[in-house]
Amino acid sequence: MKRINLLFIIFSLFFCPVGAQTAKEVLDKCAATVSAKDGVKADFTMSSAQFGNASGSIAVKGQMFCAQTSAATMWFDGKTLWTYMAKNDEVSVTTPTPERLQTLNPYNFINLYKQGFKYTMTKSDKTFNVHLTAKDQNRGVKEMFINVDKSTYYPTEVKILQKQKWTTFTISNLKVTKLADDAFRFNSKDFPSAEVIDLR
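I tried to follow the overall build of the protein on my own but got confused; where do I start?
If you tally the helices and strands in the protein, you get four helices and twelve strands. The burial tally for the protein puts 37% of its 200 residues in the buried class. Sequence-distant contacts in the protein: of pairs separated by 6 or more residues, those separated by 24 or more amount to 48%. For the protein, the accessible surface area stands at approximately 11,900 Å², while carbon and sulfur atoms represent 54% of it.

Whenever I open this one, the pairing of strand S2 (residues 52-61) confuses me. Can you help?
The two faces of a sheet get side chains in turn, since along a regular strand they alternate between them. Across nine bridges, strand S1 (residues 40-48) lies against S2 in antiparallel orientation. Its bridge partner lying in S2, Phe44 is registered against Gly56. Hairpin connection between S1 and S2: a loop of three residues separates the two successive antiparallel strands. As paired elements, S2 and strand S3 (residues 64-69) share six bridges and run antiparallel to each other. Its bridge partner lying in S3, Ile58 is registered against Ala67.

I tried to follow the confidence of the model for the protein on my own but got confused; where do I start?
Close inspection of predicted coordinates is inappropriate for parts of the model with low pLDDT. With 86% of its residues at a pLDDT of 70 or more, the protein shows a mean pLDDT of 82. Within the protein, no element has a lower average pLDDT than helix H1 (residues 2-15), which sits at 36, and none a higher one than strand S6 (residues 90-94), at 95. Taken together, the stretch residues 1-19 has pLDDT below 50 and engages in one contact with residues farther than four places along the chain or on a different chain.

How should I be thinking about the sheet that holds S2 in this particular structure?
Spatial ordering of the open sheet is given by S7-S8-S9-S10-S11-S1-S2-S3-S4-S5-S6-S12, a layout of twelve strands whose pairing is mixed. Every other strand in the sheet has two partners, leaving strand S7 (117-123) and strand S12 (195-198) as the edge strands with one partner each. Averaged over all adjacent pairs, the angle separating strand axes in this sheet is 20 degrees, with direction ignored. Alignment of S7 against strand S8 (residues 127-134), held across seven bridges, turns out to be antiparallel. Within S8, the position partnered with Lys118 by the bridge is Thr133.

When you look at helix H2 (residues 23-34) in this model, what are you seeing that I'm missing?
Along an α-helix, residues three or four apart share an orientation, since each turn contains 3.6 residues. Here H2 is twelve residues long and its end C-alpha atoms lie 17 Å apart, about the 16 Å a rise of 1.5 Å per residue gives. Within the sequence span of H2, burial applies to Ala23, Val26, Leu27, Cys30, Ala31 and Val34. Buried residues of H2, seen end-on, are gathered within an arc of 135 degrees and therefore sit on one face of the element.

Any chance you could explain the packing of aromatic side chains here in plain terms?
Any pair of aromatic rings gets described here by the distance separating the centres and the angle formed by the planes. Scanning all chains against the criterion turns up eight aromatic pairs. Taking 5.7 Å as the distance between ring centres and 40 degrees as the angle between the ring planes, the aromatic pair formed by Phe65 and Phe76 counts as tilted. Highlighted residues: Phe65 in strand S3 and Phe76 in strand S4 (residues 72-76), separated in sequence by eleven residues. Owing to a relative accessible area of 4%, Phe76 belongs among the buried residues under this scheme. Judged by centre distance (5.8 Å) and plane angle (25 degrees), the rings of Phe128 and Tyr153 are stacked. Here Phe128, found in strand S8, pairs with Tyr153, found in the loop between strand S9 (141-149) and strand S10 (155-162); they are 25 residues apart in sequence, far enough to count as distant. Site record: aromatic cluster; members linked through ring pairs are Trp75, Tyr84, Phe186 and Phe191. Its guanidinium or amino end placed over the ring of Phe145, Lys159 lies 5.5 Å from that ring's centre, counting from NZ or CZ. Over the ring of Trp166 we find Lys159; its NZ or CZ atom is 5.2 Å from the centre of that ring.

Procedures and definitions
- Residues numbered from 1 in each chain as written.
- Predicted model: local features only at pLDDT ≥ 70, side-chain atom pairs only at ≥ 80, totals over all residues.
- Heavy atoms only, no water.
- Helix = DSSP H or I, 4+ residues; strand = E, 2+ residues; numbered from the N terminus.
- Buried < 20%, exposed > 50% of the residue type's maximum accessible area, 1.4 Å probe, protein only.
- Contact = heavy atoms within 4.5 Å.
- Areas by Shrake-Rupley, 256 points an atom, 1.4 Å probe, with all protein chains shown as cover.
- Pairing = 2+ DSSP bridges.
- pLDDT = per-residue confidence, 0-100.
- Axes fitted to C-alpha atoms, helices over the stretch in contact; angles between N-to-C directions.
- Expected span 1.5 Å × (residues − 1).
- Arc of directions from axis to C-beta.
- Phe/Tyr/Trp six-rings, centres within 6.5 Å; stacked < 30°, edge-to-face > 60°.
- Lys NZ or Arg CZ within 6 Å of the ring centre and 35° of its normal.

What follows is the structure in structure tokens.
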């Protein structure tokens, strides 16, 4: 009898949904891993019907980020966005809209997913695949797909639908690291010949 009870417990642990994680819980854990107090760095590739293709690196600390590609570097300190275009040796200074930020920063989903979305989730061997649909179809982001590594809870891919066009970020080599706030602001000393164009 004891052996039968033990087998039943083991069977329950493997096959019953009790304790199974919800999509929201997976995203909460994912957000916690990439919201490290000191900051995170990662490599990314972007494929966008709106903004074209790019690859490079990104650093994130709270609401701040710095993204670098061969064509451009962007710094955002939570309020101001500096965009340096290497080809023209120019820096434009703007105050970006939330919608614009959503397509620039693949980690913007950290706060975006928390309200106004319905969740569904599927799983593969190594990944949680979360699908988010906006409850209000008039909002800027109508759908998101977020893939999360099961072992680390790091995001590996983020797909965002805006204006009927998809932007996909593939993320790799994510590391938690200590980053100074100055890393998220344009420093004119590093680009002495650049023309600064203030569009605020």
